[in-house]
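A structural walkthrough
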Amino acid sequence: MRIASNKKAIIVREYQLDIGTVQVFDNYMVATFEEGATMTLERAYQIIGISEIHFRDKDFGYISLRKNSYAVDPTIYNYLRGMQNLKAFAIVSKKEIDMHNFKIEKLFYKKNMEFFIEYDNALAWVKKRLKKK
């Protein structure tokens, strides 16, 4: 699974969190978490804080690059749903279990959320969602 697409995207800032990495680009962010990590509400607030620093007054997308297996507290999506400027949420994984988990996560999120096997397809979808204004 590649994180870079054919066109070289410029990383605005990279954050090293205790559970993984968040890369911020011009109008989207990409998160990659460590094997066995747990995405709790407290950790979600860290990512929400990063989004507020970089995207306070503009729409953005979020890509969860699931190279590793980790747990997600589904109540997080109740808070993410309230973020008006988060216009696209993409999950990228080749693992079948992640596809099953996505179906459950989508029930909680109830907004623009899609599952992709290839990073480039996820990025294209996020950019397309952001252009629809």
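Residues numbered from 1 in each chain as written. Predicted model: local features only at pLDDT ≥ 70, side-chain atom pairs only at ≥ 80, totals over all residues. Heavy atoms only, no water.

**Describing the nonpolar core**
General note: in soluble globular proteins, nonpolar side chains tend to be found buried as a group. One finds Val-22, Met-29, Phe-33, Ile-47, Tyr-62, Leu-80 and Phe-89 to be the most contacted residues of the largest nonpolar core, which totals 29 residues. A total of 5 residues in this core trace back to one element, the largest contributor, which is helix α1 (residues 41-55). Other than its neighbours up to four places away in sequence, Val-22 contacts Arg-13, Glu-14, Tyr-15, Leu-17, Met-29, Val-30, Ala-31, Ile-47 and Ile-50. (Core = buried A, V, L, I, M, F, W, Y, C linked by side-chain atoms within 4.5 Å. Buried < 20%, exposed > 50% of the residue type's maximum accessible area, 1.4 Å probe, protein only. Helix = DSSP H or I, 4+ residues; strand = E, 2+ residues; numbered from the N terminus. Contact = heavy atoms within 4.5 Å.)

**Re the pattern of salt bridges**
Pairs may arise between side chains of opposite charge once their charged atoms sit close together. This structure, assessed with the given rule, holds 6 salt bridges. A salt bridge links Glu-105 to Arg-66; the nearest nitrogen and oxygen atoms lie 2.9 Å apart. Of this pair, Glu-105 sits in helix α3 (residues 96-109) while Arg-66 sits in the loop between β5 (60-65) and β6 (71-72); the two residues are 39 residues apart in sequence, bridging distant segments of the chain. Just as Glu-105 is buried, Arg-66 falls in that class too. (Salt bridge = Lys/Arg side-chain N within 4 Å of Asp/Glu carboxyl O.)

**Examining a nonpolar patch on the surface**
Together, Ile-104, Leu-107 and Phe-108 make up a nonpolar patch on the protein surface, roughly 290 Å² of accessible area in all. Tracing the backbone through its elements, the reader meets Ile-104 in helix α3. (Patch = residues over 30% accessible without salt bridge, like charges linked within 9 Å, V, L, I, M, F, W, Y side chains within 5 Å. Areas by Shrake-Rupley, 256 points an atom, 1.4 Å probe, with all protein chains shown as cover.)

**Here we look at the pairing of strand β2 (residues 20-24)**
The buried fraction of β2 is high, at 5 of 5 residues. Here strand β1 (residues 13-17) pairs with β2 via 5 bridges, running antiparallel. Note on β2: the bridge partner recorded for Glu-14 is Gln-23. Here 5 bridges tie β2 to strand β3 (residues 28-33), and the two strands are oriented antiparallel to one another. Within β3, the residue paired with Thr-21 across the bridge is Thr-32. Between β2 and β3, which pair antiparallel in sequence order, lie 3 residues. (Pairing = 2+ DSSP bridges.)

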